[in-house]
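# Fold and geometry: a report
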Amino acid sequence: MKRQRTSVIWILEDNDEDYELLEMALVNCEYPVRYVRFARGTELKQRLDENISRVPDLIYADLRMPGLGGLKILELLKSHERFLSVPRLVFSTSANPKDIAAAYQRGANAYHVKLVETPKMLAKLQQTFSYWLGSVEPLRSNESLLRSDATS
């Protein structure tokens, strides 16, 4: 089922070429989407601390960045209750099992290795966004992960 409202994606990506690929994938996305780029982890951290009216529907994070990188951002997201249900996707040039494990330990919902070939990477991004925006049912803003009256 297609989403009726526009999805919001936060993108933590410092590489302009990688960001252009993301834009191409999102422009051709079958779902309505608005995206915000953070070229530095400190920019995204500042937004976490603001009283924003709507949390994003998805967060894309590059793992390796100068300064505050993707792993630290994942840790920070876990410490903000409003962001606990937001899916966090990691894209990285690293296929190192230690990096992959570290990302999942810090709350990543998916880890993807960036591909060198542009057409393959674009296809991977489009497939990933289609899955997370079209197949996964998001937690509604009036629901809570921490609800004490939830029944199993």
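The structure contained in this document is the topic of the report that follows.

Basis of the calculations
Sequence positions are assigned chain by chain, starting from 1 and proceeding in written order. Only residues with pLDDT of at least 70 are given local features in this predicted model, and only at 80 or more are side-chain atom pairs given and counted; all residues enter the totals for whole chains, interfaces and linings. For side-chain calculations, the full set of non-hydrogen atoms in the structure is used, while hydrogens and water are omitted. Helix and strand assignments come from DSSP, with helices taken as H or I runs of at least 4 residues and strands as E runs of at least 2, each series counted from the N terminus. A 1.4 Å probe rolled over the protein chains alone gives each residue an accessible area, and that area as a share of the maximum for its type sets the label: buried under 20%, exposed over 50%, partly exposed in between. When checking whether two residues touch, look at their non-hydrogen atoms; a contact exists if any pair is within 4.5 Å. In these tables, accessible area is a Shrake-Rupley quantity obtained with a 1.4 Å probe, and a residue counts as shielded only by the protein chains included in the view. Site definitions follow a grid-based scheme: protein atoms alone, a 1 Å grid, a 1.4 Å probe that fits but cannot get out for cavities, and for pockets an open set with protein on both sides within 12 Å along at least five of seven lines, plus lining residues having an atom within 4 Å of a point. Grid points are joined across faces, edges and corners, and a volume is the space filled by probe spheres set on the points. Note on residue classes: Ala, Val, Leu, Ile, Met, Phe, Trp, Tyr, Cys and Pro are nonpolar, Asp, Glu, Lys and Arg are charged, and everything else, Gly too, is polar. Under this definition, polar contacts are N or O atom pairs within 3.5 Å; protein pairs additionally need one hydrogen-donor-capable and one acceptor-capable atom, and for neighbouring residues in sequence, both atoms have to be side-chain atoms.

A few words on the overall build of the protein. Along its length, the protein carries five helices and five strands. Going residue by residue from the N terminus, the α and β elements of the protein occur as β-α-β-α-β-α-β-α-β-α. When burial is assessed residue by residue, the protein has 43% of its 152 residues classed as buried. Taking as baseline every contact in the protein between residues at least 6 positions apart, the subset at least 24 positions apart corresponds to 72%. Of the roughly 8700 Å² of accessible surface on the protein, a fraction of 48% belongs to carbon and sulfur atoms.

What follows is about the layout of surface pockets. Taken as a whole, the second largest pocket encloses approximately 180 Å³ of empty space. What lines the second largest pocket is E17, D18, L21, L22, Y60, T93, K114, L115, V116, T118, M121 and L125. Where the lining of the second largest pocket is concerned, the elements lending two or more residues are α1 (16-27) and α5 (118-135). Broken down by element, the lining of the second largest pocket gets its largest block of residues, four residues, from α1. For the lining of the second largest pocket, the per-class residue count stands at seven nonpolar, two polar and three charged.

Before going further, it helps to spend a moment on the side chain of D62. On the secondary structure map, D62 appears in strand β3 (residues 58-62). A polar contact is formed between the side chain of D62 and the side chain of K114, at a distance of 3.4 Å. Beyond its immediate sequence surroundings of up to four residues, D62 is in contact with L12, E13, D14, G70, F91, S92 and K114.

These values are about where atoms sit, not about what they do.
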